[in-house]
Amino acid sequence: MSNSTIIKTVFVLALFCCLPIIPASGQDKDNKNDKLREQVESMKRDTIQLSLSINSIRDSIELYSELIAERERELSSENVSAAPDTSEKIKMLNKECRSLNDTIKETKKRLSEISEMKGHDIMNIIYKKNVSLLEKRYSEITQWELDEINNTIDDFKNMDNFADYKYRITNVINHKKVVDSVVAILNNEFNEKKINDIHKKIIVISNKTSSQEQAEEIDSLIFKLEYYKQGLEDFQEFIRGIQKAKPKKNNIEQILKTHLYEKDKILKELVYIIPYLNRTFEQYKKELLEHPSETTEVEMEILKHKIEWPK
């Protein structure tokens, strides 16, 4: 067996130990029980596969042991200058042998755990994984994951705190829709009406998050929405400053460098943290260096917005 095959075998084993178990949805109680039994049978089949993998790793260890013995024989017969290289190879092989033995121990432990699992144990594992998922940042939860959890709510109705679990799922689904809308708005051209409308919605959910991570993500998005307009105005002022300097091909790099230095603090506070402004600002610098004496597309796009503040 080659080194790459051995590494792949170890990787598959490690991956199996980390895989989440997702319950299948059913139409009625009998179907759900059938699916649960299918999961248990599947896990039993996995134990057989793991056992085969253990045997494969043992074969690998035997191969490594033979290689080590061969290298030791080479070491005893080679000249002094070649000895250090062979010695290092022996150390490396011994290290890999120890790693494979550790993998066997972990796999045996996993085998034992799976063999002792019952239906209730499996559901507990799934339940805990789902609860943990619902506490992640909204942007890190996929719609597919939410759909899977939502479709299997009734599978957990006998669990402790089921009412809270059901409430969390509904909340996260609704909150993620708002968060996705905010992210889309921040990644697109300034639209004050859309910003004001979504701002009202995200304020409503700001104190109904399920974790500190979610609360921090909401706070960050609210800040960006509230300061998008100010960031746009700062961008406009930067452009006007450049225009006032009347840049030409032979001095644009120095003019841009000077303005970036002078406005660095302002740019970092707002322009750089709002996705659309940051992306457009990078495009503006590129256009400016290429055509310093012309009105660029970004200049027209940014300056067309008339900024008005409440009196």
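Residues numbered from 1 in each chain as written. Predicted model: local features only at pLDDT ≥ 70, side-chain atom pairs only at ≥ 80, totals over all residues. Heavy atoms only, no water.

## A closer look at the confidence of the model for the chain
No. 1: The predicted model of the chain has a mean per-residue pLDDT of 77, with 64% of residues at 70 or higher.
No. 2: Looking across the chain, the model is least confident in helix α1 (residues 3-18), with a mean pLDDT of 40, and most confident in helix α7 (residues 192-205), with 95.
No. 3: Overall, residues 1-26 carries pLDDT values under 50, and its contacts beyond four positions in sequence, including any with other chains, amount to 47 contacts.
No. 4: Predicted confidence for residues 78-82 stays below pLDDT 50, and this span has two contacts to residues more than four positions away or in other chains. (pLDDT = per-residue confidence, 0-100. Helix = DSSP H or I, 4+ residues; strand = E, 2+ residues; numbered from the N terminus. Contact = heavy atoms within 4.5 Å.)

## Concerning the packing of helix α8 (residues 212-244) against helix α11 (residues 275-290)
No. 1: Across the interface, α8 lies against α11 with an axial gap of 11 Å and an inter-helix angle of 10 degrees. Considered as vectors, α8 and α11 are oriented roughly parallel to each other. Residues Tyr 228, Gly 231, Leu 232, Phe 235, Phe 238, Ile 239 and Ile 242 of α8 form the contact with α11, whose participating residues are Tyr 276, Leu 277, Thr 280, Phe 281, Tyr 284 and Leu 288.
No. 2: The class makeup of the residues in the contact of α8 with α11 is 11 nonpolar, two polar and no charged. (Axes fitted to C-alpha atoms, helices over the stretch in contact; angles between N-to-C directions. Parallel < 35°, antiparallel > 145°, perpendicular 65-115°, else oblique. Nonpolar A, V, L, I, M, F, W, Y, C, P; charged D, E, K, R; others polar.)

## Comments concerning the pattern of salt bridges
No. 1: Under the criterion given, the structure shown has 13 salt bridges.
No. 2: Residue Glu 192 is joined to Lys 229 by a salt bridge in which the shortest nitrogen-to-oxygen separation is 2.9 Å. With Glu 192 in helix α7 and Lys 229 in helix α8, this residue pair connects regions lying 37 residues apart in the sequence.
No. 3: Take Glu 192: its relative accessible area is 35%, and that puts it in the partly exposed class.
No. 4: A residue is classified by how much of its surface remains accessible, and Lys 229, at 9% relative accessible area, is buried.
No. 5: Taking the shortest distance from any N to any O, the salt bridge between Glu 237 and Arg 240 comes out at 3.2 Å. Here the residue Glu 237 and the residue Arg 240 both occupy positions in helix α8, the gap between them amounting to three residues, near one helical turn.
No. 6: The class of Glu 237 is partly exposed, set by a relative accessible area of 42%.
No. 7: Linked through salt bridges whose partners overlap, the residues forming this network are Glu 135, Asp 164 and Arg 168. (Salt bridge = Lys/Arg side-chain N within 4 Å of Asp/Glu carboxyl O. Buried < 20%, exposed > 50% of the residue type's maximum accessible area, 1.4 Å probe, protein only.)

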